[in-house]
Amino acid sequence: MKADEPNARAERNRQINKKILTFGCLPITIILALVIIAAAVGSNSTEDDAKNQKVTVDDDKAREAAGLPPEPDAATRRAFLDALNAIDPRIIKPGKEDQAVSRGLNQCSSSSQDREQLVQQTLERFTVTTRLPEIATPETGGKILDAVHKHLCPAV
């Protein structure tokens, strides 16, 4: 039996060494995997940020090329919405302030027509003619158009 003892001891040591290698390397493997994942996620965020920034720059250039003014700052936006509400609070649909600003910015690109046509187009663009026919007058359209020009595109 003593002859088998060194073999048994050697086999037991091999199994212990195998466990040490397997489980001892496991934390290192996990840490390495987490570092690789963090690096991949971090590089994607940077790429996404760069893409978003590029889209914003391209969007500004596209707006300028289309004859649209830049997106208004918060104070200008508020002043425009307040002006519309002063004309008639129903002009801005509930919860649709962004839509009203967008329509106003689009109206800025329609400056080549005569005032009568612009007033009619403004009433239609803000859907006053279909939603609020009782106030769809040249006077109301003129007030909306004046608010657009005063707050969103004063250069027009």
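First things first, this report covers the structure right here in the doc.

Reading the values: rules and limits
- Residues numbered from 1 in each chain as written.
- Predicted model: local features only at pLDDT ≥ 70, side-chain atom pairs only at ≥ 80, totals over all residues.
- Heavy atoms only, no water.
- Helix = DSSP H or I, 4+ residues; strand = E, 2+ residues; numbered from the N terminus.
- Expected span 1.5 Å × (residues − 1).
- Buried < 20%, exposed > 50% of the residue type's maximum accessible area, 1.4 Å probe, protein only.
- Arc of directions from axis to C-beta.
- Contact = heavy atoms within 4.5 Å.
- Polar contact = N/O pair within 3.5 Å; in protein donor to acceptor, adjacent residues only side chain to side chain.
- Axes fitted to C-alpha atoms, helices over the stretch in contact; angles between N-to-C directions.
- Parallel < 35°, antiparallel > 145°, perpendicular 65-115°, else oblique.
- Nonpolar A, V, L, I, M, F, W, Y, C, P; charged D, E, K, R; others polar.
- Core = buried A, V, L, I, M, F, W, Y, C linked by side-chain atoms within 4.5 Å.
- Disulfide = S-S within 2.5 Å.

Right, let's get into helix α2 (residues 74-87). For an α-helix, the turn length of 3.6 residues means that residues three or four places apart are oriented alike. The first and last C-alpha atoms of α2 sit 20 Å apart over 14 residues, in line with the 20 Å expected at 1.5 Å per residue. Every buried residue of α2 is listed here: F80, L81, A83 and L84. For α2, the angular spread of buried residues about the axis comes to 155°, placing them on one side. Away from the buried face of α2 by more than 90 degrees, exposed residues A74, A75 and A86 are located. Buried residues along α2 sit in contact with α3 (97-108) and α6 (138-151). Two or three places before A75, at the opening of α2, D73 has a side-chain oxygen 3.3 Å from that residue's backbone nitrogen.

Contact pair helix α4 (residues 115-125) / α6: the axes reach a minimum separation of 8 Å and the direction vectors enclose 90°. Judged on the interaxial angle alone, α6 and α4 are roughly perpendicular. Where α4 approaches α6, its residues R115, L118, V119, T122 and L123 are matched on the opposing element by P138, T140, G141, G142, I144, L145 and D146. The residue inventory of the contact of α4 with α6, partitioned by class, reads six nonpolar, four polar and two charged.

For the rest of this paragraph, the subject is the nonpolar core. In summary, soluble globular proteins display a tendency toward joint burial of nonpolar side chains. Counting residues in each nonpolar core, the largest one holds 20 residues, and the members touching the most others are F80, L84, F126, V128, I144 and V148. For this core, the secondary-structure elements that each account for two or more residues are α2, α3 and α6. If we skip the residues at most four places from it in the chain, F126 touches F80, L84, I91, A100, R103, G104, R131, I144 and V148.

Moving on, we get to the environment of R77. By the element assignment, R77 lies in helix α2. With 21 residues separating them in the primary sequence, R77 and D98 have C-alpha atoms 9.2 Å apart. Among residues more than four places away in sequence, those in contact with R77 are P72, E97, D98 and V101. There is a polar contact of 2.7 Å between the side chain of R77 and the side chain of D98.

Using the criterion set out here, one finds one disulfide in the structure. Across a sulfur-sulfur distance of 2.2 Å, C108 and C153 are joined as a disulfide pair. Handedness here is read from the sign of the S-S torsion; for C108 and C153, about -90°, the answer is left-handed. A residue pair is termed long-range when its members are at least 10 positions apart, and C108 in helix α3 and C153 in the segment after α6 qualify at 45 residues. Residues C108 and C153 agree in their burial class; the two are buried.

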